[in-house]
Amino acid sequence: MTISGSWQRTARGAGLLSPDGRIASTIFAEMSALAQATGAINLGQGFPDEDGPAEVLEAARRAIADGINQYPPGLGMPVLRQAVATHQQRFYGLTVDADREVLITAGATEALAATILALVDEGDEVVTLEPFYDAYGGLIALARGVHRTVPLRLPGFLPDHDELRAAVTDRTKVILINNPHNPTGTVLPRETLELIVELAHEHDAVIVTDEVYEHLVFGVQHIPVATLPGARERTVTISSAGKTFSTTGWKIGWIVSTPELVTAVLAVKQFLTYVNGAPFQPAVAVGLGLPESYFRETAGTLQAKRDLLSQGLEKAGFDVTVPNGTYFVVADAAPLGYRDAATLCRELPALAGVVAVPISAFCSDEHAGEYASLVRFAFCKKVDVLERAAAQLARLGR
Ligand SMILES: *Cc1c(COP(=O)(O)O)cnc(C)c1O
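Residues numbered from 1 in each chain as written. Predicted model: local features only at pLDDT ≥ 70, side-chain atom pairs only at ≥ 80, totals over all residues. Heavy atoms only, no water.

## As for the confidence of the model for the protein
Fine structural detail should not be taken from predicted coordinates in areas where pLDDT scores are low. Per-chain confidence: the protein averages 94 in pLDDT, with 93% of residues scoring 70 or above. Of all helices and strands in the protein, the one with the weakest mean pLDDT is helix H1 (residues 6–13) (58), whereas strand S7 (residues 206–210) scores best (99). (pLDDT = per-residue confidence, 0-100. Helix = DSSP H or I, 4+ residues; strand = E, 2+ residues; numbered from the N terminus.)

## Considering the layout of surface pockets
Reported here for the second largest pocket is a volume of approximately 580 Å³. What lines the second largest pocket is a set of 24 residues, and nearest its centre among them are Gly-46, Thr-109, Tyr-133, Lys-243 and Lys-251. When contributions to the lining of the second largest pocket are tallied by element, the ones reaching two or more residues are helix H5 (107–119), helix H6 (134–142) and helix H9 (241–244). Ranked by residue count, the leading element in the lining of the second largest pocket is H5, at 4 residues. Classifying every residue of the lining of the second largest pocket gives 10 nonpolar, 9 polar and 5 charged. (1 Å grid on protein atoms, 1.4 Å probe; cavity = no way out; pocket = protein on both sides within 12 Å on 5 of 7 lines; lining within 4 Å. Points joined across faces, edges and corners; volume = space filled by probe spheres on them. Nonpolar A, V, L, I, M, F, W, Y, C, P; charged D, E, K, R; others polar.)

## Notes on the sheet that holds strand S14 (residues 374–378)
Across the sheet, which stays open at both edges, the 4 strands sit in the order S10-S11-S14-S13 with antiparallel pairing between neighbours. A single partner strand is all that each edge strand has here, and the edge strands are strand S10 (319–321) and strand S13 (357–358). Direction of pairing for S13 relative to S14: antiparallel, over a ladder of 2 bridges. Across the sheet, Val-357 pairs through a bridge with Arg-376, a residue of S14. Packed onto the sheet, helix H13 (residues 341–352) meets S13 and S14 and runs at close to 45° relative to S14. (Pairing = 2+ DSSP bridges. Contact = heavy atoms within 4.5 Å. Axes fitted to C-alpha atoms, helices over the stretch in contact; angles between N-to-C directions.)

## Considerations on the state of the cysteines
One pass over the structure, following the stated rule, counts 0 disulfides. Among the cysteines around Cys-363, which has no disulfide bond, Cys-345 carries the closest sulfur, lying 13 Å off. By relative accessible area, which is 10% here, Cys-363 ends up buried. Here Cys-380 stays unpaired: no disulfide links it, and the sulfur of Cys-345, its closest cysteine neighbor, is 16 Å away. (Disulfide = S-S within 2.5 Å. Buried < 20%, exposed > 50% of the residue type's maximum accessible area, 1.4 Å probe, protein only.)

## Quick notes on the site of the ligand
The full set of residues close to the ligand is Gly-107, Ala-108, Thr-109, Tyr-133, Asn-178, Asn-182, Asp-210, Val-212, Tyr-213, Ser-240, Lys-243 and Lys-251. For the ligand, an oxygen atom lies 3.0 Å from a polar atom in the side chain of Lys-243. Between the ligand and Lys-251, the relevant distance is 2.7 Å, taken from an oxygen atom to a side-chain nitrogen or oxygen of the residue. Taken by itself the ligand offers 380 Å² of open surface, and the protein chains cover 94% of this. (Near = heavy atom within 4 Å. Polar contact = N/O pair within 3.5 Å; in protein donor to acceptor, adjacent residues only side chain to side chain. Areas by Shrake-Rupley, 256 points an atom, 1.4 Å probe, with all protein chains shown as cover.)

Next up, the structure:
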């Protein structure tokens, strides 16, 4: 049977299908398979190898035992919506109406999908930073939008303000930022966020901000763009429990926005998953209510892991950009004689027993060349795993 239709054109455009009609395997799948096959340490995919807070895990077990196993309300369970609203007030001083301005989603991924599909029509432009989280390119293509990017370049991976001004025009429907930024670890400074708000006003664009790493910053302040003057009424803030509570498999996310934008996103979301994860929702509410010390210690522990892996990579001979946030560090393999990080990543299991991913996996075909020698390593792993990885990587320097 031949199944064909416009979805194939769309999927091919998004790089989801190869020209012969098979699902294109991503470099992530290829590298995870390589880690499996070789037994190498997998620093490719960004998931923690330790469990999150015991209270949160216990709350999910309790919820199942208590019979919270059927469809939750379309907007999400009131206890979690209230916890999200309280969290926004506690950490950012934002007063949020839990009944009209919060929507619980199947992870940040569904929040992104529903938001892009709700806001972007065929031909509308979406501006993102580049490199970008891989789902952004796919989702913009599924909405038949046009993807424009603003490069983050070395040193420092900060966007140039003139390039940002040039990228946003009256054709721009959405400015989609990711802050703190995966894969570079950049935490956007206030001046850049102010410019984004100014441009959104000037060109009547909506700001969509993916802040799943909001609590994973190292000695710098994370500024939610929604806290800036004039931002809130045109911003969709997206976050998720996965990274904050080391529960990436639970897929509980949320959006916080105006009642009008929440309604627009809900109109799409109800036909994607409708709802998800009933017993996990009250458990994430427990997590969001944990004391300040949990959030501080989680970031502190991760910062020490960042330093451990960064130092190992430097000793191995990479040029390392030490990140201010996220799970990831970017290392330049050019000093080691590798111009093509994809080639290095395919050889790395044999050379050093480690798997990583090339930054080109987060770039458009057009710009991948500018990032060719850069590699992303995840440091959200146990200390002894990172120590072993660092020792093995030191072989490269010899
Ligand atoms: C992990 C990640 C997501 C996906 O979050 P889920 O809650 O697992 O769907 C979205 N954006 C970025 C930048 C991420 O790193």
